[in-house]
Amino acid sequence: MTHDAIVGSVRAEYLRYKTLAESALDQLDEREQAVSGPGGGNSIATLCWHIAGNLRSRFTDFLTTDGEKPWRKRDEEFETRTVTRAELLTHWERGWTALIDTVNTLTDADLAKTVTIRGQPLRVDEALHRSLAHVSYHVGQIVYVARGLRGDSWRFLSIPPGQSAQYNARPTLERPDALAAGPRRPA
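Residues numbered from 1 in each chain as written. Predicted model: local features only at pLDDT ≥ 70, side-chain atom pairs only at ≥ 80, totals over all residues. Heavy atoms only, no water.

## Examining the overall build of the protein chain
Consideration 1: For the protein chain, the count of helices and strands is seven helices and two strands.
Consideration 2: Counting helices and strands in the order they occur from the N terminus, the protein chain gives α-α-α-α-α-β-β-α-α.
Consideration 3: Rg of the C-alpha trace for the protein chain: 17 Å, near the compact-globule value of 16 Å for 187 residues, within the 12% margin.
Consideration 4: Summarising its shape, the C-alpha atoms of the protein chain cover approximately 45 × 45 × 25 Å along the three principal directions.
Consideration 5: Across the 187 residues in the protein chain, those meeting the buried criterion constitute 43%.
Consideration 6: By sequence separation, contacts in the protein chain at least 24 residues apart represent 74% of the contacts at least 6 residues apart.
Consideration 7: For the protein chain, the exposed area adds up to about 10000 Å²; of that, 52% sits on carbon and sulfur atoms.
Consideration 8: Each charge sign in the protein chain was given a centre, from 24 positive and 24 negative side chains, and these centres are 2 Å apart. (Helix = DSSP H or I, 4+ residues; strand = E, 2+ residues; numbered from the N terminus. Rg over C-alpha atoms; globule rule 2.2 N^0.38 Å. Buried < 20%, exposed > 50% of the residue type's maximum accessible area, 1.4 Å probe, protein only. Contact = heavy atoms within 4.5 Å. Areas by Shrake-Rupley, 256 points an atom, 1.4 Å probe, with all protein chains shown as cover. Lys, Arg positive; Asp, Glu negative; His and termini not counted. Charge placed at Lys NZ, Arg CZ, Asp CG, Glu CD.)

## Focus on the packing of aromatic side chains
Consideration 1: Across all of its chains, the model carries four aromatic pairs by this definition.
Consideration 2: Ring centres 6.3 Å apart and planes at 85° place the aromatic pair Tyr14 and Phe59 in the edge-to-face group. You can see Tyr14 sitting in helix α1 (residues 5-25) and its partner Phe59 sitting in helix α3 (residues 44-59), a full 45 residues away along the chain. Take Tyr14 and Phe59: they sit in the same class, and that class is buried.
Consideration 3: Where Trp92 meets Trp96, the ring centres are 5.5 Å apart and the plane angle is 55°; that geometry is what we call tilted. (Phe/Tyr/Trp six-rings, centres within 6.5 Å; stacked < 30°, edge-to-face > 60°.)

## Some words on unusual backbone geometry
Consideration 1: One non-glycine residue, Asp61, adopts positive backbone phi at about 50°.
Consideration 2: By secondary structure assignment, the location of Asp61 is in the loop between α3 and α4 (74-77).

## A word on the pairing of strand β1 (residues 114-117)
Consideration 1: Going residue by residue along β1, you find Val115 and Ile117 tucked away on one face and Thr114 and Thr116 left uncovered on the opposite face.
Consideration 2: In terms of strand pairing, β1 meets strand β2 (residues 120-123) through four bridges, oriented antiparallel. Across the sheet, the residue bridging to Thr116 is Pro121, located in β2.
Consideration 3: A loop of two residues connects β1 with β2, the two strands running antiparallel in sequence, and Arg118 in this loop sits at a positive phi of about 55°. (Pairing = 2+ DSSP bridges.)

## Describing the pattern of salt bridges
Consideration 1: By the definition in use, this model includes eleven salt bridges.
Consideration 2: Its salt-bridge partner being Glu93, residue Lys18 comes within 2.9 Å of it at the nearest N-O pair. Taken together, the positions of Lys18 in helix α1 and Glu93 in helix α5 (residues 85-103) put the pair 75 residues apart, joining distant regions of the chain.
Consideration 3: Arg72 is the partner of Glu77 in a salt bridge, and the nearest nitrogen-oxygen pair spans 2.7 Å. (Salt bridge = Lys/Arg side-chain N within 4 Å of Asp/Glu carboxyl O.)

## A short note on the confidence of the model for the protein chain
Consideration 1: Scored by pLDDT, the protein chain comes out at a mean of 91, with 90% of its residues at no less than 70.
Consideration 2: Across residues 183-187, confidence stays below pLDDT 50; counting only partners more than four residues off in sequence or on other chains, it has 13 contacts. (pLDDT = per-residue confidence, 0-100.)

## Thoughts on the nonpolar core
Consideration 1: By size, the foremost hydrophobic cluster in this structure holds 43 residues, and its most contacted members are Tyr14 and Leu128.
Consideration 2: Elements supplying a minimum of two residues to this core: α1, α3, α5, β1 and α6 (124-150).
Consideration 3: Discounting chain neighbours no more than four positions away, the residues touching Tyr14 are Phe59, Trp96, Leu99, Leu128, Ser131, Leu132 and Val135. (Core = buried A, V, L, I, M, F, W, Y, C linked by side-chain atoms within 4.5 Å.)

## Comments concerning the packing of α3 against α5
Consideration 1: Running from N to C, α3 and α5 cross one another at 30°; their axes reach a closest spacing of 8 Å. Here α5 runs roughly parallel to α3, going by the angle between their axes. Crossing of α3 against α5: the hand is left-handed. Seen from α3, the contacting residues are Ala45, Cys48, Trp49, Ile51, Ala52, Gly53, Leu55, Arg56 and Phe59; seen from α5, they are Glu87, Leu88, His91, Trp92, Arg94, Gly95, Trp96, Ala98, Leu99 and Thr102.
Consideration 2: Taken together, the residues that form the contact of α3 with α5 break down as twelve nonpolar, four polar and three charged. (Axes fitted to C-alpha atoms, helices over the stretch in contact; angles between N-to-C directions. Parallel < 35°, antiparallel > 145°, perpendicular 65-115°, else oblique. Left-handed = near helix turned anticlockwise from the far one by under 90°. Nonpolar A, V, L, I, M, F, W, Y, C, P; charged D, E, K, R; others polar.)

Written out as structure tokens, the structure reads:
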């Protein structure tokens, strides 16, 4: 589907962050996805569960119903959980599918429309920016925890330390859609 410039850019950024999270998750085993973050922080499984729940709630019937659905159990998203990789990815994809299916229907003309989240009116552009910031915040946590768990075996998702000059000679990740085609797979 062809997107208007702004909606297309927002879609590409969402997909870039989805790819970053999945590329971090790909480096972990099932046991590691349930390990708490530093200082008793959220595990990667918990963070993925929360992102998916948030996206599913916000983007189901996005233009017509409040973004905080009565069926969402936000507090339960933060409960300690041990799930299989398949269970985690199924839940994760449900949230992302709700988001992408909705964004695929939007045009730049829709950005000035109003939606509600927890009874508060927001323009669509404000709701999208708020959601994108929320996702990027938690994806940063996922990458941070995964990097800590993998230590020296971590495969960098951006420019590895000491390789900036080499990268700058041939930059490939500067456009939002550069990573959106899909997660990098282990070599």
